[in-house]
Structures are given as structure tokens and as C-alpha cells.
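Secondary and tertiary structure notes
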Amino acid sequence: QVELMESGGGLVQSGGSLRLSCAASGSVFGIGDMGWYRQASGTQRELFATISWRGDRTYGDSVMDRFTISRDNAKRTVYLQMNSLKPMDTAVYYCNARARLNLLTSMSDYWGQGTQVTVSS
């Protein structure tokens, strides 16, 4: 089983910065794409940043040029540097990883428990 543990959320003023981390643990053969989702109150969960094992990145329009996703494969950790935060960024942030437990299994999705990010105006 793969467990994802997020950290780094909290309360910040508009224009401030936060850095989220998400570490994978457990018996895993390989981790593929990793990503960050967020869900604001009353809305659907939104994918806004992904990174491949090689480091190829994609971003949603709402976070382009403000957020940076990165990963350390040796540490099985994905990071999210968030700058110029806005009240609209307030949400629960979830990390996601596609991982394979062994050679005989296919890739499956795993999720962190979520961390609250609140941006005050």
C-alpha cells in the first residue's frame, strides 16, 4: 500500500507564499506522475499542477506563473511552491500519485489526506 502525507498548509495573507510537501511511503515499485489538486468549499476537486517522473510539468491557467511544482524522486516527495497567493486560492489541497506496487500490478491512483490553505485578504 502507498501512503501520501502532506504538510505545509496554513493561513497566509494575500500576496504571501507557502510551500506544500507530499511524501510517499510504503511498499511501492515505482511512482509515475504526481500532481496537486484543490477543492474549495462547494466546488469540485480541481487538478492544477502535474509533474512526470522525468520532470515535465503542466499547470492550470489559474496558477500559471505563481505556483511551481517539483519533485525529488529519491525522497519520493512532490513539492508545491505557491507565491503571490490570493483569497481565491483558499481550498483544501490534495496530492496525488500514480504508483505501481510491483511488476505484476498496473498503475493506480493514491491520494493524500488533504491540507487546508487559507488566504486572507
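Please refer to the structure higher up on the page.
The following refers to the structure shown. This one's a predicted model, so the numbers in the text were calculated from it and none came from an experiment. (Residues numbered from 1 in each chain as written. Predicted model: local features only at pLDDT ≥ 70, side-chain atom pairs only at ≥ 80, totals over all residues. Heavy atoms only, no water.)

A look at unusual backbone geometry
You will see that Asp 65, though not glycine, has its phi angle at about 75 degrees, which is positive. By the element assignment, Asp 65 lies in the loop between strand 6 (57-59) and strand 7 (67-72). Phi at Arg 76 takes a positive value of approximately 55 degrees, unusual for a residue other than glycine. In this structure, Arg 76 sits in the loop between strand 7 and strand 8 (77-82). (Helix = DSSP H or I, 4+ residues; strand = E, 2+ residues; numbered from the N terminus.)

Here we look at the state of the cysteines
Going through the model one piece at a time under the given rule, you end up with 1 disulfide. Between Cys 22 and Cys 95 runs a disulfide, and the two sulfur atoms are separated by 1.9 Å. With a gap of 73 residues between them, Cys 22 in strand 3 (residues 18-26) and Cys 95 in strand 9 (residues 91-100) connect regions that are remote in the sequence. (Disulfide = S-S within 2.5 Å.)

Things to note about the sheet that holds strand 7
Ordered in space as 1-3-8-7, the 4 strands form an open sheet in which the pairing is antiparallel. The open sheet has two edge strands, strand 1 (2-7) and strand 7, and neither has a second partner. Adjacent strand axes in the sheet meet at a mean angle of 15 degrees when their direction is disregarded. Direction of pairing for strand 3 relative to strand 8: antiparallel, over a ladder of 6 bridges. If you follow Leu 18 over to strand 8, its bridge partner there is Met 82. (Pairing = 2+ DSSP bridges. Axes fitted to C-alpha atoms, helices over the stretch in contact; angles between N-to-C directions.)

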